[in-house]
Amino acid sequence: MSFHLNRSSTGHFIKNVKSLSNGLQGIPLNVLLNDHFIQRCSFCRDVSEFFSGYEFKVDSADMLDEFPKQQIDDFIAQHSDYLSWDEMRNQAVKEYILLHLARGNEPS
């Protein structure tokens, strides 16, 4: 992926970087694990369907960090192309950041 920045897009890019500097906390799970992401790494169409098979209700990425690590990692490994929640989350965050910087909005 390459970026070509002109004067107006540079300002847009800087604004997006500043908005990300506030952190990734509070990004809704269905935005971080958007439909396209879930469809690429599993047989599910969205994050709700993906976690419908999990024994606990999952409302946020922060909530997943509260579950026993081995338990959530086993679920992720069985239901996706990832081996752990950390691996899945890290890839989703990378994609979110790239899309947010490029577009200036949340990926859909």
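First things first, this report covers the structure right here in the doc. (Residues numbered from 1 in each chain as written. Predicted model: local features only at pLDDT ≥ 70, side-chain atom pairs only at ≥ 80, totals over all residues. Heavy atoms only, no water.)

1. Focus on the packing of aromatic side chains
(1) Moving on: Going through the model one piece at a time under the given rule, you end up with 8 aromatic pairs.
(2) Moving on: Seen from their ring centres, tyrosine 54 and phenylalanine 67 are 5.3 Å apart, and the 65° between their planes marks the pair as edge-to-face. Note that tyrosine 54 is positioned in the loop between helix H4 (47-51) and helix H5 (61-66) and phenylalanine 67 in the loop between H5 and helix H6 (69-79), a separation of 13 residues in sequence.
(3) Moving on: Between phenylalanine 56 and phenylalanine 67, the aromatic rings sit 5.2 Å apart at their centres with planes inclined by 15°, giving stacked as the arrangement. Note that phenylalanine 56 is positioned in the loop between H4 and H5 and phenylalanine 67 in the loop between H5 and H6, a separation of 11 residues in sequence.
(4) Moving on: Residue phenylalanine 67 is classed as buried on the basis of its relative accessible area, which comes to 14%.
(5) Moving on: Through a chain of ring-to-ring contacts, three or more aromatic side chains come together here, namely Phe50, Phe51, Tyr54, Phe56, Phe67 and Phe75. (Phe/Tyr/Trp six-rings, centres within 6.5 Å; stacked < 30°, edge-to-face > 60°. Helix = DSSP H or I, 4+ residues; strand = E, 2+ residues; numbered from the N terminus. Buried < 20%, exposed > 50% of the residue type's maximum accessible area, 1.4 Å probe, protein only.)

2. Overview of the environment of aspartate 86
(1) Moving on: Mapped onto the fold, aspartate 86 is located in helix H7 (residues 85-103).
(2) Moving on: Judged by its relative accessible area of 29%, aspartate 86 is partly exposed.
(3) Moving on: For aspartate 86 and isoleucine 76, which are 10 residues apart along the polypeptide, the C-alpha to C-alpha distance reads 9.6 Å.
(4) Moving on: If we skip the residues at most four places from it in the chain, aspartate 86 touches Lys69 and Asp73. (Contact = heavy atoms within 4.5 Å.)

3. Some thoughts on the state of the cysteines
(1) Moving on: Applying the stated criterion to the full structure yields 0 disulfides.
(2) Moving on: Here cysteine 41 is not disulfide-linked; the sulfur of cysteine 44 is the nearest cysteine sulfur, at 8.5 Å.
(3) Moving on: On the basis of relative accessibility, which here comes to 16%, the residue cysteine 44 falls in the buried class. (Disulfide = S-S within 2.5 Å.)

4. Section: the pattern of salt bridges
(1) Moving on: Summed over all chains, the structure comprises 7 salt bridges.
(2) Moving on: Glutamate 95 is paired through a salt bridge with arginine 40; the nearest N and O atoms lie 2.6 Å apart. With a gap of 55 residues between them, glutamate 95 in helix H7 and arginine 40 in helix H3 (residues 35-41) connect regions that are remote in the sequence.
(3) Moving on: Here the residues in one salt-bridge network are Asp65, Lys69, Asp73, Asp86 and Arg89, joined through shared partners. (Salt bridge = Lys/Arg side-chain N within 4 Å of Asp/Glu carboxyl O.)

5. Some details on the nonpolar core
(1) Moving on: Ranked by internal contacts, the top residues of the largest apolar core, which has 26 residues, are Leu29, Leu33, Phe51, Ile76, Trp85 and Met88.
(2) Moving on: Mapped onto this core, the elements with two or more residues apiece are helix H2 (29-32), H3, H4, H5, H6 and H7.
(3) Moving on: Here the element with the most residues in this core is H7; it accounts for 5 residues. (Core = buried A, V, L, I, M, F, W, Y, C linked by side-chain atoms within 4.5 Å.)

That's the geometry; what it means functionally is another story.
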